[in-house]
Amino acid sequence: MQNSWDRGILTSMDLRRTEGRIIYICIVIFLVLLAFTTIFPFIFSLTAGLKTSVEYARSGINLFPAVPQWQNYEVVFDRINIPRTFANTMIIAVGELTMQLTVSTLAAYSLSRLKPRGWRVIMVAFMATIMIPGIAYFVPLYVNVVRLGLINSYFGLWLPAGVNAFVILLLKNFYDSLPQELFDAAKIDGASPLRILWSVALPLARPIYIVLIITGFLGSWNSYLWPMLVLRTATDMHPVSVAIQGLTQSFPINIRLAAYTVAAIPPLLVAILTQRYLRRGLSLGIH
Amino acid sequence: VLGSLITFGKGKDFMGTVAQKRLRTRSLGVRLSKDTRWQRDIAGWLFLLPAVILFFLFAWHPIVQGVIYSFQNVKLQGETTWIGLRNYERMLADPVFGQTWLNAIQFTLISITIGFLSPIIVAVCVNEMRVAKGFFRLVYFLPSVIPGVVSLLIWREIYSANNGILNEALKLLGAPPQLWLQNPALVKFSLVIIMTWGGFGGSVLVYLAALQDIPAELYEASEIDGADPFARLWYMTLPHLRPLMTVLLILQILGMMQVFMEPYILTNGGPVNSTMTPVLAIYTRAFTNADYGLASAWSVTLMLVLLVISIVYFAVNRANERKRS
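Residues numbered from 1 in each chain as written. Chains lettered and ligands numbered in written order. Predicted model: local features only at pLDDT ≥ 70, side-chain atom pairs only at ≥ 80, totals over all residues. Heavy atoms only, no water.

1. A closer look at the overall build of chain A
Threshold: Secondary structure is summarised from DSSP: a helix means a run of H or I of at least four residues, a strand means a run of E of at least two, and numbering begins at the N terminus for each. In this setup the radius of gyration rests on C-alpha atoms only. A globule is expected at 2.2 Å times the number of residues raised to 0.38. Accessibility here uses a 1.4 Å probe with only protein chains present; expressed as a share of the type maximum, an area under 20% marks a residue as buried, one over 50% as exposed, and anything in between as partly exposed. Working rule for contacts: check all heavy atoms of both residues, and any pair within 4.5 Å makes them a contact. In short, Shrake-Rupley with a 1.4 Å probe defines the accessible areas, and a residue's cover is counted only from the protein chains shown. Charged residues are defined narrowly, with Lys and Arg counted positive, Asp and Glu counted negative, and His plus the chain ends left uncounted. The atom standing in for a charge is NZ when the residue is Lys, CZ when it is Arg, CG when it is Asp and CD when it is Glu.
Within chain A one finds 16 helices and 0 strands. The C-alpha atoms of chain A give 25 Å as radius of gyration, which overshoots the globular expectation for 287 residues (19 Å, by more than 25%). Here chain A, with 287 residues, has 59% of them falling under the buried criterion. Look at the contacts in chain A between residues 6 or more apart in sequence, and 72% of them connect residues 24 or more apart. For chain A, the accessible area works out to roughly 12,200 Å², and carbon and sulfur atoms hold 66% of it. The positive charge centre, built from 22 side chains, and the negative charge centre, built from 12, are 4 Å apart in chain A.

2. Considering the side chain of B:Thr237
The test is simple: N or O atoms closer than or at 3.5 Å make up a polar contact, with two conditions inside protein: a donor-capable atom paired with an acceptor-capable one, and, for residues adjacent in sequence, both atoms drawn from side chains.
Here B:Thr237 shows up in helix α11 (residues 229-256). Side chain to side chain, B:Thr237 and B:Tyr219 meet in a polar contact 2.9 Å long. The residues contacting B:Thr237, other than those within four sequence positions of it, are A:Ile9, B:Val124, B:Leu211, B:Ile214, B:Tyr219 and B:Arg232.

3. Thoughts on the state of the cysteines
Basically, it comes down to this: Here, the term disulfide refers to a pair of cysteine sulfur atoms separated by no more than 2.5 Å.
A complete count under the given rule lists 0 disulfides over all chains for this structure. No disulfide involves A:Cys26; its nearest neighbouring cysteine sulfur is the one of B:Cys125, lying 9.7 Å away. On the accessibility criterion, A:Cys26 (47% relative accessible area) is partly exposed.

4. What about empty space enclosed by the protein?
The line we're drawing: Definitions used throughout: a 1 Å grid over protein atoms alone; a cavity as a set of points that fits a 1.4 Å probe which cannot get out; a pocket as an open set with protein on both sides within 12 Å along at least five of seven lines; a lining residue as one with an atom within 4 Å of a point. Grid points are joined across faces, edges and corners, and a volume is the space filled by probe spheres set on the points. Think of it as three bins: nonpolar holds Ala, Val, Leu, Ile, Met, Phe, Trp, Tyr, Cys and Pro, charged holds Asp, Glu, Lys and Arg, and polar takes everything else, Gly as well.
In the structure shown here, the tally under the stated rule is 6 cavities of 30 Å³ or more. Looking at the second largest cavity, its volume works out to about 110 Å³. Together, A:Phe44, A:Lys51, A:Tyr56, A:Arg58, A:Gly60, A:Ile61, A:Asn62, A:Leu63, B:Asn163, B:Gly164, B:Ile165 and B:Glu168 line the second largest cavity. Taken together, the residues of the lining of the second largest cavity break down into 5 nonpolar, 4 polar and 3 charged.

5. Points about the packing of aromatic side chains
Geometry of an aromatic ring pair is reported as the spacing of the ring centres plus the angle between the planes. Quick reminder of the rule: Aromatic pairs are defined between Phe, Tyr and Trp rings, using the six-membered ring for Trp, whenever the two ring centres lie within 6.5 Å; interplanar angles under 30 degrees are classed as stacked, those over 60 as edge-to-face, and all others as tilted.
On inspection of all chains with the given rule, the structure shows 32 aromatic pairs over all chains. Between A:Phe217 and A:Trp221, the aromatic rings sit 5.5 Å apart at their centres with planes inclined by 40 degrees, giving tilted as the arrangement. Taken together, the positions of A:Phe217 and A:Trp221, both in helix α12 (residues 206-222) and 4 residues apart, correspond to about one turn of that helix. With relative accessibility at 13%, the residue A:Phe217 sits in the buried group. Judged by its relative accessible area of 3%, A:Trp221 is buried. Taken together, a centroid distance of 5.4 Å and an interplanar angle of 50 degrees make the contact between B:Phe260 and B:Tyr283 tilted. Linking B:Phe260 in the loop between α11 and α12 (261-267) with B:Tyr283 in helix α13 (residues 278-288), this pair joins segments that are 23 residues apart in sequence. With relative accessibility at 4%, the residue B:Phe260 sits in the buried group. Judged by relative accessible area, which is 6%, B:Tyr283 ranks as buried. A connected cluster of aromatic rings, assembled from ring pairs, spans A:Phe138, A:Tyr142, A:Tyr224, B:Phe260, B:Tyr264, B:Tyr283, B:Phe287 and B:Tyr292.

6. Overview of a nonpolar patch on the surface
Residue and element names in this part refer to chain B. For clarity, the cut-off: Patch membership requires more than 30% relative accessible area and the absence of a salt bridge. Residues of like charge join within 9 Å; the nonpolar side chains Val, Leu, Ile, Met, Phe, Trp and Tyr join within 5 Å. Each salt bridge in this description consists of a side-chain nitrogen of Lys or Arg and a carboxyl oxygen of Asp or Glu lying within 4 Å of one another.
Judged by side-chain polarity, Trp 38, Ile 42, Leu 46, Leu 49 and Ile 53 come together as a nonpolar surface patch covering roughly 510 Å² of accessible area. Turning to its location among the elements, Leu 49 is positioned in helix α2 (residues 34-69). Classification of Leu 49 as partly exposed rests on a relative accessible area of 40%.

7. Looking at helix α8 (residues 165-172) of chain B
All of the buried residues along α8(B) are B:Ile165, B:Asn167, B:Glu168 and B:Leu170. Buried residues in α8(B) make contact with α2 (18-48) of chain A together with α7 (148-158) of chain B. Looking at the residues trailing α8(B), positive phi occurs at B:Gly174, about 85 degrees.

Structure representation (structure tokens):
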């Protein structure tokens, strides 16, 4: 069946008529203007970060600097220690993803294939947490993390990241969709459950994991409230978003805008390079 | 996360065929003996154990504990004591309580006005493009991957009252400059603009995926009947998007009940509490005043509101799926 991917509401016939053309041109103009508006804040930050502070304070609209001040970016790298905060962000992201994917995979596989006695109760208990967004209980969660001594430790971020009922549900649905015969065959060969999971189920699930890793990376890069609470006083452990917010007022505005630009580049690059997977994630329902 | 549940069934068929290819036929009809059933229980529970421990510590226990805290005077160091309904009495006596929920409702209404139809319009337009479809799809999505804090700090400079670029542009057009973040009549609107900017691209992607599911035959049939493009839009395209619209509307409401970052970074709830949201109020009670019991009473209220919206969401989602099948 041909679907409407290669056409819209307008047909190629419509586009040959004047009114069809007018509609089409209006659409193009609208979308181009909107695209410019959408990326404008980023362009503003990029170019303002290349100005001198005097030039930035000048009134009137002058989007582009007379002479680009590339040394602003050098200042950002030296004084704000960008490599360090980027490394911290990666440490947090990798730890969170490892925890989340390992724990969720084991749980999902068990619920889908091993089905130990009582699995239904656990399943319902997992799924109940989808109904209550985490923001509704972050105060007692914070108290638990304090009492467990996880404040100012990356474990305070890594361990709670293992709690994600949606990922468990997604993986369980996937493992449910695999034919039982696949697993029986491996079992007859004498493979242990862990072995079957590793060499039969996981390879088939690769596309899902790629999507989960990309969205997980973008999510870690974006998260602010929880790292800010957990790593409150450990400034040398702060990820990008917390460190960026801490800059306020101690640096001139042009330097700060340069820093904002630098902080936005890695996730933008990842999104642009992996847009194919992000869209596939959308069809799996991950976003 | 809730949004993620919309369409996750779709991946199944494609995966199923991959698996089928690797299928070995010799093992049909294996029966498990009692012994292996027992072994499987042990393996199954061992596999579940890490998740159960983490869910207990970081989800189930805090959810229950939050309700208990709301009846207590909570001390991180020292003795926590039961105080009955006093936290709830203090919460209801606080004029800020009514104000935060009023703000949440106003945020929701403004956000629906600005942000509900716009992704539909944009998606329909992008779907009409004969070239550069992929470019537009990507560009609109980009704001949602920039870390929220970074976006907000950039927007603060754009909205800046003295020589911010937005006021400079107004000056050029001969309009008076505005106090975007300091004027109580304007500030909610200013924040919703940022939220819409950051979020509409994701919704555009969701709507685009649905638009591409419309079979071309449907359009062709309507063309034979002589329907002009606007009639096609009104009678074919929009009805097709209807179920998705309901779902995204509920998710938008759910999101607006949880607004935190924008007022926290840009206005700290001001001016005169006009951007104080339920979550920001919880945050200040817990982490500025260390009044965890009071914060928990607020949290329980929020939890109930979110739970009701979630239940509506799942009910609607289920009804949609039943209609589809």
